[in-house]
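# Coordinate analysis (summary)
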Amino acid sequence: MKRKLVAMTLAAVMGLSVAACGSSGDDKPANDGNKTEDNKDAGATNDENADAPDDAGDAEGDDGAASGDVANKDKPLVWFNRQPSNSSTGELDMSALTFNDKTYYVGFDANQGADLQGTMVKDYIEANIDKIDRNGDGVIGYVLAIGDIGHNDSIARTRGIRKALGTGVEKDGNINSDPIGTNTDGSASAVQDGTLEIGGKTYTVRELASQEMKNSAGATWDAATAGNAIGTWSSSFGEEIDIIASNNDGMGMSMFNAWSKDNNVPTFGYDANSDAVAAIAEGYGGTISQHADVQAYLTLRVLRNALDGVDIDTGIGTADEAGNVLSDDVFVYNEEQRSYYALNVAVTSENYQDFTDSTKIYEPVSKQLDAAKSPSKKVWLNIYNASDNFLSSTYQPLLQNYDDILNLEVEYIGGDGQTESNITNRLGNPGQYDAFAINMVKTDNAASYTALLNQ
Ligand code: BGC
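The structure presented is a predicted model; accordingly, all values stated were derived computationally and were not measured.

With respect to spatial proximity, 14 residues lie near the ligand, and among them N81, D153, N248, D271 and D388 are the closest. Contact distances for the ligand include 2.9 Å between an oxygen atom and a side-chain N or O atom of R82. Interatomic distance of 2.9 Å between a side-chain N/O atom of R157 and an oxygen atom of the ligand. Burial of the ligand by the protein chains amounts to 100% of its free accessible area of 310 Å². Secondary-structure elements contributing two or more residues to the shell around the ligand are α6 (152-165) and α11 (389-405). Partitioned by chemical class, the residues of the shell around the ligand number 5 nonpolar, 4 polar and 5 charged.

Let us look at the confidence of the model for the chain. Detailed reading of the predicted coordinates is not advisable wherever pLDDT falls low. Here the chain averages 88 in pLDDT, while 86% of its residues score no lower than 70. Scored below 50 in pLDDT, residues 1-63 makes 85 contacts in the model with residues more than four places away or belonging to other chains.

Turning next to the sheet that holds strand β17 (residues 435-438). A sheet is described by the order of its strands in space; here 7 strands give the open sequence β12-β13-β2-β1-β17-β15-β16, paired in mixed fashion. Every interior strand has two partners, whereas the edge strands, β12 (331-334) and β16 (408-414), have only one. On average, each strand axis in the sheet is inclined to that of its neighbour by 20°, with strand direction left out of account. Examined bridge by bridge, strand β1 (residues 77-80) and strand β2 (residues 103-108) share 4 bridges and lie parallel to one another. Each residue of the ladder has a partner; that of W79, found in β2, is Y105. The strands that α11 touches are β1, β2, β15 (377-383) and β16; relative to β16, the one it contacts most, it runs at about 160°.

Interaxial distance between helix α4 (residues 110-127) and α6 falls to 8 Å at its minimum, and their mutual angle equals 35°. Note on packing geometry: the crossing formed by α4 with α6 is right-handed. Together, A110, N111, A114, D115, Q117, G118, T119, V121, K122 and I125 of α4 and D153, A156, R157, G160, I161, K163, A164 and L165 of α6 make up the contact between the two elements. Taken together, the residues of the contact of α4 with α6 break down into 8 nonpolar, 5 polar and 5 charged.

On to helix α10 (residues 292-308). In this model, α10 (17 residues) spans 24 Å end to end at C-alpha, consistent with the 24 Å of a helix rising 1.5 Å per residue. Counted residue by residue, α10 has 15 buried out of 17 residues, so it is predominantly covered. Downstream of α10 by one or two residues, G309 has phi in the positive range, about 70°.

Moving on: the nonpolar core. W79, I125, V143, W233, I241, L326 and Y402 are the most contacted members of the largest nonpolar core, which has 100 residues in total. For this core, the element with the most residues is α10, which contributes 8 residues. Leave out the neighbours within four places in its chain, and L326 touches V294, Y297, L298, G315, I316, G317, F331, Y362 and V365. If you look at the next biggest cluster of nonpolar residues, it comprises 10 residues, including M253, A272, I280 and Y284.

Under the criterion given, the structure shown has 12 salt bridges. E126 is the partner of K122 in a salt bridge, and the nearest nitrogen-oxygen pair spans 3.6 Å. With K122 and E126 both in helix α4 and 4 residues apart, the pair spans about one turn of that helix. Taking the relative accessible area as the measure of exposure, K122 reaches 27% and is therefore partly exposed. Assessed through its relative accessible area of 31%, E126 is described here as partly exposed.

Looking at where L196 falls in the secondary structure, it is placed in strand β7 (residues 194-198). For the pair L196 and L165, spaced 31 residues apart in the sequence, the C-alpha separation amounts to 7.5 Å. Dropping the residues within four chain positions of it, L196 is found in contact with K122, I125, K201, T202, Y203 and V205.

Turning our eyes to something else, we now look at the packing of aromatic side chains. The tally for this structure, following the rule as stated, stands at 13 aromatic pairs. With 6.1 Å between their ring centres and 55° between their planes, Y104 and Y340 make a pair best called tilted. Taken as a pair, Y104 in strand β2 and Y340 in strand β13 (residues 339-342) lie far apart in primary sequence, 236 residues in all. By the burial criterion, Y104 is buried, and Y340 matches it. What links up through ring pairs into an aromatic cluster is the set Y104, F331, Y333 and Y340. Seen from the ring of Y384, R82 lies directly overhead, with NZ or CZ sitting 3.7 Å from the centre. Its guanidinium or amino end placed over the ring of Y270, R157 lies 3.6 Å from that ring's centre, counting from NZ or CZ.

Comment: phi is negative for the bulk of residues other than glycine, and the bulk of peptide bonds are trans. Positioned with a positive phi, D172 is a non-glycine residue whose angle comes to about 50°. Along the chain, D172 turns up in the loop between β4 (170-171) and β5 (174-175). Although it is not a glycine, N264 sits at a positive phi angle of roughly 50°. With respect to the helices, strands and loops of the structure, N264 is situated in the loop between α8 (249-260) and β10 (267-268).

So, how was this worked out
Residues numbered from 1 in each chain as written. Predicted model: local features only at pLDDT ≥ 70, side-chain atom pairs only at ≥ 80, totals over all residues. Heavy atoms only, no water. Near = heavy atom within 4 Å. Polar contact = N/O pair within 3.5 Å; in protein donor to acceptor, adjacent residues only side chain to side chain. Areas by Shrake-Rupley, 256 points an atom, 1.4 Å probe, with all protein chains shown as cover. Helix = DSSP H or I, 4+ residues; strand = E, 2+ residues; numbered from the N terminus. Nonpolar A, V, L, I, M, F, W, Y, C, P; charged D, E, K, R; others polar. pLDDT = per-residue confidence, 0-100. Contact = heavy atoms within 4.5 Å. Pairing = 2+ DSSP bridges. Axes fitted to C-alpha atoms, helices over the stretch in contact; angles between N-to-C directions. Left-handed = near helix turned anticlockwise from the far one by under 90°. Expected span 1.5 Å × (residues − 1). Buried < 20%, exposed > 50% of the residue type's maximum accessible area, 1.4 Å probe, protein only. Core = buried A, V, L, I, M, F, W, Y, C linked by side-chain atoms within 4.5 Å. Salt bridge = Lys/Arg side-chain N within 4 Å of Asp/Glu carboxyl O. Phe/Tyr/Trp six-rings, centres within 6.5 Å; stacked < 30°, edge-to-face > 60°. Lys NZ or Arg CZ within 6 Å of the ring centre and 35° of its normal.

Now the structure itself:
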């Protein structure tokens, strides 16, 4: 009992440190409230395990130890949201992805989603051509908020917009994804003016400006920076801006609230965060759901399966005993890449009512696992930036809903979004956990984590 109290106090302190870290940002801190809940659940499972012969099955361990004697390097590991890869070339880091035979990546199909976002914007322009060109100069002007020039999702989305609108130029066999600064005269070399034929008329499409939204401390995908940028852009060429495109909803909503809503300029984002979906009723142009409900499930499910020693497809492509199963229209598995990719869906004024709660678990995989067969296990999981809108307001709440169903006691660590060591410092004792879920600050940095597990 005494040891349990110590564990709970420790957990509360760690929860506080997560909250404190989040408060340095401008957005909601990562949810620390569920520590108590997790401990409570762990306690319940503990009772069920009370007659176990020794401490080995005592996964939640009042003394903080993981179950069994598995070496850290042999424990299940899942990378999520940031795929181990070279941030300049995009080449996958296969040694991180095959760290051991229980290693996987969970993300979503970045190119399919990027194409959807580009097409959504183009369709909007075509359907609203009578009112889109606000100053009637025949040029449809857009500005673009870029999340992180070294993040594959961000690169794909920038390319998707430029491809659909005809503003992309080729570089090394692909569409150039560099930010251009300002380009109101159309002279930038990293983009070109595109043309769209609509109703027998030819329109020019111009990327008026684009910028990586990185703050002075180094945090990328930074919503506040995007809000400032639209302020600067609109005060110098606001009349020319007909569309705002953003690599994500966090930055998109910041621009929408700062300027686009009042000026009836549609903003298009990505992630289908609840606030962005709600804003569609007020003129937000649209967003893309990357099926975070499926990704969060997969993130924890692959760990669960590896811990239980069952086929990795259990409860994924093949129904488990509780009846959890995913259909193949919501994810793909690439075995060679050891990667699960959720599929994206466009969310517009036509269907947004179906997406209003981004933290709702996906019904086909919502059934509780039997604790006798899938006993409680401890998982160390980090979110690279406790202030990232998508990860903190959508992904983490979903993980917290699934961890109970999957009988996993998850320790959530929130990073500062800038330094890997801020996170790795909090993986000081991997021996206390049965499995790991990692969201790196930079996709190149997998080795800083695997080095700790190899020790
Ligand atoms: C999300 C972004 C998020 C980023 C963080 C992306 O997949 O769409 O909203 O900021 O991941 O890594």
